[in-house]
Amino acid sequence: MYLSSNWNKKGYTLVEVMLVLSITVSLIAIGFSLPRYFLHTFQTKQFFQQFNNDILYLQQLSLASKENIYLLIDPENQQYTIHQGGTGKVLIQRNIPDHCHIELRTLKMPISFTDKGSLRNPGTMIVDTGNNQYKVVFPLGKGRNYIVEQ
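Here the structure is a predicted model, which means the values were calculated and not measured.

**Q** Any chance you could explain the UniProt feature "transmembrane region" (unreviewed entry) in the chain here in plain terms?
**A** The UniProt record annotates "transmembrane region" (unreviewed entry) at residues 12-34. A helix fraction of 91% and a strand fraction of 0% characterise residues 12-34, whose end C-alpha atoms lie 32 Å from each other.

Given below as structure tokens:
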């Protein structure tokens, strides 16, 4: 009897141990998910900035060059490329982040501009990041594109 009463005073109950373990597991789960969320958010922001810069570059090349310059998006291989001329010489090849999934809605490939700077084939595409969906609109006219978070 003396041994069991000392043991209860020096140890922890099962409820106390389970409470500490559940708090620890919760903190670890939050600690792992937040950096991943922030990394995906940063990569998405960087992707859209680079994509917009490449569209501007494509438009500027179309204005300056008499050759056909166009951009092809390949959602299956998670990349897009900018090509020059009829032979399709690749000028730029960029990867799309793995967590971004692109669905071409009304946007027809290739994306290209006239020698006056107007978009040839207007349309929309959806970029799904898992956390958010973005609608990328290529309007008719001289506007390059804009992005709307849905």
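**Q** For this particular structure, what's the right way to read the nonpolar core?
**A** One broad trend across soluble globular proteins is that nonpolar side chains are buried collectively. Judged by nonpolar contacts, the single largest core of 23 residues is most densely connected at Phe51, Leu71, Ile73, Ile111, Met125, Val127 and Phe138. Residue contributions to this core peak at 5 residues, all from helix α2 (residues 14-64). Once residues within four sequence positions are removed from consideration, Met125 is found in contact with Phe51, Ile73, Ile102, Glu103, Leu104, Arg105, Leu107, Tyr134, Lys135 and Val136.

**Q** Where do I start with the pairing of strand β7 (residues 133-138) in this structure?
**A** The side chains of a regular strand alternate between both faces of the sheet. Note that strand β6 (residues 123-128) and β7 share 6 bridges and pair antiparallel. Each bridged residue has a counterpart across the sheet, and for Thr124 the counterpart in β7 is Val137. Hairpin connection of β6 to β7: 4 residues between the antiparallel strands, including Gly130 at a positive phi of 95 degrees. Sheet topology places β7 next to strand β8 (residues 146-149); 4 bridges connect them, and they run antiparallel. Bridge pairing in β8 links Val137 to Tyr146.

**Q** It is not clear to me how the pattern of salt bridges should be interpreted in this structure. Could you clarify?
**A** Where charged atoms from two side chains of opposite charge approach closely, those side chains can pair. Per the stated rule, a full pass over the model turns up 2 salt bridges. Residue Arg94 pairs with Asp54 through a salt bridge whose shortest N-O separation is 2.8 Å. With a gap of 40 residues between them, Arg94 in strand β3 (residues 89-95) and Asp54 in helix α2 connect regions that are remote in the sequence. For Asp54, a relative accessible area of 2% translates into the label buried. A salt bridge links Glu103 to Arg105; its shortest N-O distance comes to 2.9 Å. With relative accessibility at 48%, the residue Arg105 sits in the partly exposed group.

Definitions and limits used
Residues numbered from 1 in each chain as written. Predicted model: local features only at pLDDT ≥ 70, side-chain atom pairs only at ≥ 80, totals over all residues. Heavy atoms only, no water. UniProt positions renumbered as here; feature names shortened; annotations may be inferred. Helix = DSSP H or I, 4+ residues; strand = E, 2+ residues; numbered from the N terminus. Core = buried A, V, L, I, M, F, W, Y, C linked by side-chain atoms within 4.5 Å. Buried < 20%, exposed > 50% of the residue type's maximum accessible area, 1.4 Å probe, protein only. Contact = heavy atoms within 4.5 Å. Pairing = 2+ DSSP bridges. Salt bridge = Lys/Arg side-chain N within 4 Å of Asp/Glu carboxyl O.

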